[in-house]
Amino acid sequence: MSDAVTTPAQDSEESTNWRSIPQIAVVFGLVLCMYGLVQDKQQFAFSYLTAFMFFLSLGLGSLFMVLIHHLFDAGWSAPIRRYLEHFSCLLFPWLGVAFIPIGFMAPDYIYPWMQVADPHEDHALYVKKALFNKPTWYAASTLLFLFWGWLTHRLRYWSLQQDKSGTAEFEGKLMFPEHLIASFYKNFQGLPFEKDNQQVLCTRMMRIHAAYGVVLFAFTLTLGAILWMKSIQHQFFSTMYGVYYFAGSVWLTISTAWITARVLKAKGLLPQVHNLQFYHLGTMLLAFTVFYAYIHFSQYFLIWNAAVPEETFWYVLREQGTWAYVSWALIIGHFLIPFLTLLRIDVKLTNKVMVPVFIWVILMHYMDMYFNMMPEIHPDGPSPAVADLGALLLIGGTLIWVFMRSLFSHPICPLRDPRMGEAIEHH
Amino acid sequence: MSEPAAHSQVETSTPKELVREPLVLNNRPLGWITNQVAGIVEGDMPKWWNIAFGVSFLLMLMSFGYIGYLITTGVGVWGLNHPVAWGWAIVNFVFWIGIGHAGTLISAILFLLRQKWRTSVNRTAEAMTIFAVICAGIFPGIHVGRIWLAWWLFPLPNANAIWPQFRSPLLWDVFAVSTYFTVSLLFWYMGLIPDLATIRDRLRKNAGQCKTGLDKMINKLKQFLYGLFSMGWIGSNRHWRNYEKAYLLLAGLSTPLVLSVHSIVSFDFAVSQLPGWHTTIFPPYFVAGAVFSGFGMVLTLMIPMRTIFNLEEIITVRHLELMCKVIMATGTIVGYAYGMEFFIAWYGGNPYELYAFKNRAFGPYWWSYWIMISCNVISPQLFWFKWCRTSPWFIFVVSIFVNIGMWFERFVIVVTSLHRDYLPASWGYYSPTQVDILTFVGTFGLFMVLFLLFIRYLPSITIFEVKAVTPQADPHSVEGGADRVKGGDH
């Protein structure tokens with residue numbers, strides 16, 4: 001395998017310019033964050049958390065896309081799998097590292113329940129003190145990142161090993177407890193475990209990780225959304241909340257996946273993607289536009305209709321002052337505009353539409369995160385701060401930097417995916 | 001890197017271990033598929049069909065008899081009491097509506113998702129949907145008590161200026177279910193047209209084989225009826241173009257309906273403030289549960305059907321395995337929802353909410369709760385094992401568990417939430433009466449009567465769609481395309 005394959009763009013003069021953009025963003029972000037921190041620590045903490053949850057969406061959404069690729073045994077998504085694996089691997093260690101400042105700021109600036117000295121004083125806190133106490137919160141947060149790290153990195157490991165399968169470079173080894181899982185599949189599933197057929201072994205391992213992974217993914221995503229986002233107002237409860245964060249996360253990810261494929265194809269780095277991939281991603285974006293609206297409408301409608309004060313306070317706060325405009329903007333901007341825009345078949349293949357849609361999706365998802373977080377410190381309405389932009393640039397720039405490093409260190413398209421034929425030949 | 005160079009680095013072959021299994025086994029010619037499916041309609045029904053039809057018909061009559069008794073006597077013949085004023089009628093309604101979800105999911109959503117395996121099962125699943133919705137429709141009609149005023153459910157102008165309560169989800173149900181039924185029926189019927197024309201043409205071809213005058217007359221009558229319902233279909237290019245476009249449009253229209261119907265059914269409960277009912281996850285949870293129960297019933301019907309009519313090569317083990325995976329996925333989603341309800345009941349700190357859930361699991365109806373959990377959450381997990389999801393008799397057993405579990409889910413939601421009111425003085429225990437039980441049992445008779453008539457008179461597998469997913473239908477097929485079916489009946 002030649003170096004030209006493993007690092008296809010390293011020698012490209014042209015690409016070096018746009019690859020330095022994230023580094024510049026990090027520097028600017030750092031400066032703005034420092035300024036924001038000095039100005040108002042609590043504002044900075046919330047801005048940072050908002051940006052963090054925004055980018056966590058991309059990591060978790062990408063992990064979901066990788067998982068369902070394997071679970072559905074999909075063919076069309078084979079060429080876009082690799083960069084989604086890289087996106088998902090941002091969860092650990094990078095988003096884990098990005099979480100550290102939140103861990104430091106959590107007790108003093110973010111979560112009011114951490115400041116309650118005696119939980120007996122607060123019924124909503126007292127009933128869930130088994131979960132809502134500092135040691136459990138920190139331990140659970142750590143475990144979430146460790147699990148995501150395990151899952152994403154093992155999926156990418158086997159994916160990268162598959163590229164080398166059948167060559168002397170192949171070094172795929174089962175890591176504990178993969179031995180146990182593999183032996184379960186061999187003994188109880190009757191699946192042949194073709195250790196000598198390296199390509200098949202890699203696919204089997206990825207499918208195994210996807211199978212148990214998707215179940216644990218659902219629980220860990222829900223826990224993350226509850227611990228880090230919903231617990232800002234710990235009195236609020238909604239069984240839909242995890243699904244709500246999930247829907248928005250996948251929406252952002254699909255849009256990002258479309259634009260990434262387009263950029264990589266335009267640069268000649270991923271010629272394997274064709275209209276098939278762009279069309280399916282566009283269709284999925286439309287589906288998740290509706291799914292998010294369905295989920296958020298259901299949550300809002302049921303709370304509004306039942307009018308139980310313990311629940312309505314959360315939305316009442318978000319209907320006061322200028323937050324009411326944000327609420328309307330979510331209905332129109334998060335649903336109506338993208339829905340009507342994406343209805344036509346041809347727009348899903350059109351840059352002129354999909355690039356603005358991507359920018360719009362970023363704005364809307366960020367606004368959704370903002371809508372969840374900020375009313376706690378700005379009850380009268382949104383109050384944009386320098387730290388908002390700073391945190392976005394700092395975390396975003398770092399993640400894009402890491403992503404690009406990963407992307408160009410390995411083949412951009414999986415080389416020996418068993419379904420690649422379906423993805424390439426049927427366009 | 002130039003495009004051809006990049007392509008050359010990427011391997012496009014599939015190792016033999018991972019090649020997708022064919023959707024029609026043994027590389028059968030296209031004519032064989034037609035013969036196999038149309039043969040069921042054209043031939044005489046076996047003795048078991050007559051027996052099954054007779055038993056089902058009697059069960060159906062029994063149900064109608066009990067409904068008559070209910071109408072003439074009043075809802076006092078049911079086991080309703082205070083505080084459980086909503087009993088089996090609503091449970092049965094939701095149960096049957098849920099079953100009616102798999103058909104449109106398979107035909108519409110899997111069509112949009114380009115899942116080719118749907119072709120062998122969509123026709124039967126759609127038929128099942130329509131029959132299940134018919135069974136479901138009975139219960140809201142009779143549970144109003146004074147059935148002669150059931151037309152009040154519709155916003156019809158009347159002398160008393162009485163209008164339905166538009167803010168009630170029960171009224172939304174009327175619109176949601178009737179729309180769903182109409183669109184599902186249209187979708188099903190439209191898909192039948194090319195196959196009805198095939199039967200019509202085969203009848204015409206076989207007319208010469210009729211020996212007696214009666215046979216000839218029956219053949220003529222059948223030709224007329226199949227001809228009438230195939231609406232002059234001749235399979236022209238124009239017909240197919242219109243058909244494909246209309247089918248896609250109907251699939252697009254049906255997809256939101258799959259979600260909306262059971263979401264609105266969930267609103268029947270969730271818009272209230274009652275502990276155990278008011279929870280925001282209800283809409284997607286009900287939809288997942290409906291798909292789960294629908295697939296359970298599809299498997300319950302299809303496993304015997306494929307064996308009896310020798311359709312194992314068209315409804316293959318791969319089809320069953322894929323449906324098992326859907327059951328496993330939706331069962332796990334339902335399990336997530338059960339867990340989330342319990343968790344948030346604890347998390348929210350509302351003592352009534354927490355009591356409602358503890359009472360479900362450990363109160364007087366604990367048995368129904370654990371039947372629900374065992375059947376809906378635990379039994380689908382067996383499908384993690386390949387043997388379990390590839391052994392038809394085992395799948396059949398689990399599918400029965402799924403049917404039972406999903407009925408109990410609705411029972412648990414309705415009855416356990418109602419039987420403990422806020423005041424202990426208003427606590428009660430609900431038990432069904434003979435009328436409750438036998439009316440419900442009888443609806444299985446109605447369902448089976450309709451289903452047996454369906455397999456008797458209509459092609460139960462979409463002949464033309466199954467042909468389209470065979471390798472021979474691919475113009476690039478190495479099998480030689482049309483050569484293989486030369487002389488075949490297609």
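Residues numbered from 1 in each chain as written. Chains lettered and ligands numbered in written order. Predicted model: local features only at pLDDT ≥ 70, side-chain atom pairs only at ≥ 80, totals over all residues. Heavy atoms only, no water.

Enquirer: Before we move on, can you summarise the overall build of chain B with the specific residues and values?
Expert: Of the regular secondary structure elements, chain B holds 17 helices and 0 strands. Principal axes of the C-alpha set define a box for chain B whose edges measure 80 × 70 × 45 Å. For chain B, the share of sequence-separated contacts (at least 6 apart) that also reach a separation of at least 24 residues comes to 82%. By element, 68% of the accessible surface of chain B is carried by carbon and sulfur atoms, the whole surface being about 20800 Å². Averaging the positions of the 34 positive and the 26 negative side-chain charges in chain B gives two centres separated by 5 Å. (Helix = DSSP H or I, 4+ residues; strand = E, 2+ residues; numbered from the N terminus. Contact = heavy atoms within 4.5 Å. Areas by Shrake-Rupley, 256 points an atom, 1.4 Å probe, with all protein chains shown as cover. Lys, Arg positive; Asp, Glu negative; His and termini not counted. Charge placed at Lys NZ, Arg CZ, Asp CG, Glu CD.)

Enquirer: Provide a residue-level description of the overall build of chain A, including the pertinent values.
Expert: The number of helices and strands found in chain A is 17 helices and 0 strands. For 427 residues, the compact-globule estimate of 2.2 N^0.38 gives 22 Å, and the C-alpha radius of gyration of chain A, at 22 Å, lies within 12% of that figure. Dimensions of chain A along its principal axes, counting C-alpha atoms only, are 65 × 50 × 45 Å. Across the 427 residues of chain A, 60% fall into the buried class. Considering only intrachain contacts with a sequence separation of at least 6, the fraction spanning at least 24 residues in chain A is 82%. Entry remark: accessible area of chain A is about 16500 Å², with carbon and sulfur atoms responsible for 68%. Each charge class in chain A can be summarised by its mean position, and for the 26 positive and 28 negative side chains these summaries are 7 Å apart. (Rg over C-alpha atoms; globule rule 2.2 N^0.38 Å. Buried < 20%, exposed > 50% of the residue type's maximum accessible area, 1.4 Å probe, protein only.)

Enquirer: Which residues make up helix α7 (residues 169-206) of chain B, and what are the values?
Expert: Here α7 of chain B contains 38 residues, and its C-alpha end-to-end distance of 53 Å stays within 8% of the 56 Å for a straight helix at 1.5 Å per residue. The principal kink in α7 of chain B, of about 40°, is found at Ile193 of chain B, preceding the proline Pro194 of chain B by one to four residues. (Expected span 1.5 Å × (residues − 1). Bend = angle between axes of the 7 residues up to and from the residue.)

Enquirer: Could you give me a rundown of the confidence of the model for chain B, with the residues and numbers involved?
Expert: Low pLDDT marks stretches whose predicted atomic positions should not be read closely. All names here are of chain B. Across chain B, pLDDT averages 91, with 96% of residues at or above 70. Within the model, pLDDT remains below 50 along residues 1-7, and this stretch shows 14 contacts once partners closer than five positions in the same chain are excluded. In this model residues 480-490 is a low-confidence stretch, pLDDT under 50, and it forms 21 contacts with partners more than four residues away in sequence or in other chains. For this predicted complex, the interface confidence comes out at an ipTM of 0.94, alongside a pTM of 0.94. (pLDDT = per-residue confidence, 0-100.)

Enquirer: Give me the lowdown on the packing of aromatic side chains, citing residues and values where you can.
Expert: Residues and elements named next belong to chain A. Within this structure, the stated rule accounts for 99 aromatic pairs over all chains. A ring pair is formed by Phe52 and Phe99, whose centres lie 5.5 Å apart and whose planes are at 50°; its orientation type is tilted. Taken together, the positions of Phe52 in helix α4 (residues 41-71) and Phe99 in helix α6 (residues 91-110) put the pair 47 residues apart, joining distant regions of the chain. Taking relative accessible area as the criterion, Phe99 reaches 7% and is therefore assigned buried. (Phe/Tyr/Trp six-rings, centres within 6.5 Å; stacked < 30°, edge-to-face > 60°.)

Enquirer: Quick one: what's the story with the interface of chain B and chain A, residue by residue and with numbers?
Expert: Facing 44 residues of chain B, the contacting portion of chain A comprises 73 residues. Contact with chain A buries area across many residues of chain B, yet Leu18, Thr280 and Tyr347 of chain B alone supply 16% of it, more than any other trio. The interface formed by chain B and chain A contains 3 salt bridges. Note that Arg20 of chain B and Asp73 of chain A form a salt bridge whose closest N and O atoms lie 3.2 Å from each other. Our count for the chain B to chain A interface comes out at 21 residue pairs in polar contact (both at pLDDT 80 or more). Residue assignment for the side of chain B that touches chain A shows that the elements contributing at least two residues are α1 (3-9), α9 (237-270), α10 (282-308), α11 (317-348) and α14 (386-390) of chain B. (Buried area = accessible area lost by both parts, 1.4 Å probe. Salt bridge = Lys/Arg side-chain N within 4 Å of Asp/Glu carboxyl O. Polar contact = N/O pair within 3.5 Å; in protein donor to acceptor, adjacent residues only side chain to side chain.)

Enquirer: Please set out the side chain of Asn376 of chain B residue by residue, giving values where relevant.
Expert: Residues and elements named next belong to chain B. You can see Asn376 is positioned in helix α13 (residues 366-378). Separated by 3.0 Å, the side chains of Asn376 and Tyr338 make a polar contact. With sequence-adjacent residues up to four places away left out, Asn376 is seen in contact with Phe292, Gly331, Tyr338, Val402, Gly405, Met406 and Glu409.

Enquirer: Describe in detail α10 of chain B, supporting the description with residues and values.
Expert: For α10 of chain B, with 27 residues, the first-to-last C-alpha span of 39 Å sits near the 39 Å given by 1.5 Å per residue. Backbone geometry just after α10 of chain B places Asn310 of chain B at a positive phi near 55°.

Enquirer: So what's going on with the pattern of salt bridges? Residues and values would help.
Expert: Residues and elements named next belong to chain B. This structure, assessed with the given rule, holds 21 salt bridges over all chains. Where Glu42 meets Arg202, a salt bridge forms, and the shortest distance between an N and an O atom there is 2.7 Å. Taken as a pair, Glu42 in helix α2 (residues 30-42) and Arg202 in helix α7 lie far apart in primary sequence, 160 residues in all. The exposure class assigned to Glu42 is partly exposed, which follows from its relative accessible area of 26%. Here Arg202 falls in the buried class, since its relative accessible area comes to 11%.

Enquirer: With reference to specific residues and values, describe the state of the cysteines.
Expert: Considering all chains together, one arrives at 0 disulfides over all chains under this definition. For the unlinked cysteine Cys388 of chain B, the closest cysteine sulfur is that of Cys324 of chain B, found at 9.1 Å. (Disulfide = S-S within 2.5 Å.)

Enquirer: Just give me the short version of unusual backbone geometry, but keep the residues and values in it.
Expert: With an omega of 5°, the peptide bond running from Phe92 of chain A to Pro93 of chain A counts as cis. Within the element layout of this structure, Pro93 of chain A appears in helix α6. For the peptide bond that leads from His82 of chain B to Pro83 of chain B, omega is 20°, which places it in the cis range. Within the secondary structure, Pro83 of chain B is located in the loop between α3 (47-73) and α4 (88-99). A positive phi angle is found at Asn26 of chain B, which is not glycine, with a value near 65°. With respect to the element layout, Asn26 of chain B can be found in the loop between α1 and α2. Among the residues examined, Asn26 of chain B registers a relative accessible area of 58% and is labelled exposed. Despite not being glycine, Ala161 of chain B shows a phi value in the positive range, around 55°. As for its placement among the helices and strands, Ala161 of chain B is situated in the loop between α6 (122-143) and α7.

Enquirer: Hey, could you go over empty space enclosed by the protein for me, with residue numbers and the actual values?
Expert: All names here are of chain A. If you walk through the whole model with that rule in mind, you get 6 cavities of 30 Å³ or more. What the second largest cavity holds in volume is close to 80 Å³. Forming the boundary of the second largest cavity are His69, His70, Asp73, Ala74, Arg81, Gln162, Thr203, Met206, Arg207, Asp417, Pro418 and Arg419. Elements supplying a minimum of two residues to the lining of the second largest cavity: α4 and α10 (198-229). Considering every element that reaches the lining of the second largest cavity, the biggest residue donor is α10, with 3 residues. (1 Å grid on protein atoms, 1.4 Å probe; cavity = no way out; pocket = protein on both sides within 12 Å on 5 of 7 lines; lining within 4 Å. Points joined across faces, edges and corners; volume = space filled by probe spheres on them.)

Enquirer: Quick one: what's the story with a nonpolar patch on the surface, residue by residue and with numbers?
Expert: Residues and elements named next belong to chain A. Together, Trp328, Ile331, Ile332, Leu336, Ile337, Leu340 and Leu343 make up an exposed nonpolar region whose accessible area comes to about 660 Å². Structurally, Leu343 can be placed in the loop between α14 (323-342) and α15 (351-373). Judged by its relative accessible area of 44%, Leu343 falls in the partly exposed class. (Patch = residues over 30% accessible without salt bridge, like charges linked within 9 Å, V, L, I, M, F, W, Y side chains within 5 Å.)

Enquirer: How would you summarise the nonpolar core if you had to cite specific residues and measurements?
Expert: In this structure, Phe52, Leu56, Tyr83, Tyr111 and Trp228 of chain A together with Trp96 of chain B are the most contacted members of the largest nonpolar core, which totals 287 residues. When residues of this core are assigned to their parent elements, the largest contribution, 19 residues, is made by α4 of chain A. (Core = buried A, V, L, I, M, F, W, Y, C linked by side-chain atoms within 4.5 Å.)

Enquirer: Talk me through the confidence of the model for chain A; I want residue IDs and the actual numbers.
Expert: Confidence along chain A averages 93 in pLDDT terms, with 94% of residues attaining 70 or more. Residue range residues 1-11 of chain A is modelled with pLDDT below 50. Its contacts to residues more than four positions away, or to other chains, number 26 contacts.

Enquirer: Explain the packing of α10 of chain B against helix α16 (residues 434-457) of chain B to me, using residue names and the numbers behind them.
Expert: Residues and elements named next belong to chain B. Packing of α10 against α16 leaves a shortest axis separation of 13 Å and a crossing angle of 45°. Accordingly, the angle class assigned to the pair α10 and α16 is oblique. The element α10 and its partner α16 pack so that their crossing is right-handed. Between α10 and α16, the contacting residues are Met297, Leu301 and Met305 on the first element and Phe444, Phe447, Met448, Phe451 and Ile455 on the second. When its residues are assigned to classes, the contact of α10 with α16 shows 8 nonpolar, no polar and no charged. (Axes fitted to C-alpha atoms, helices over the stretch in contact; angles between N-to-C directions. Parallel < 35°, antiparallel > 145°, perpendicular 65-115°, else oblique. Left-handed = near helix turned anticlockwise from the far one by under 90°. Nonpolar A, V, L, I, M, F, W, Y, C, P; charged D, E, K, R; others polar.)

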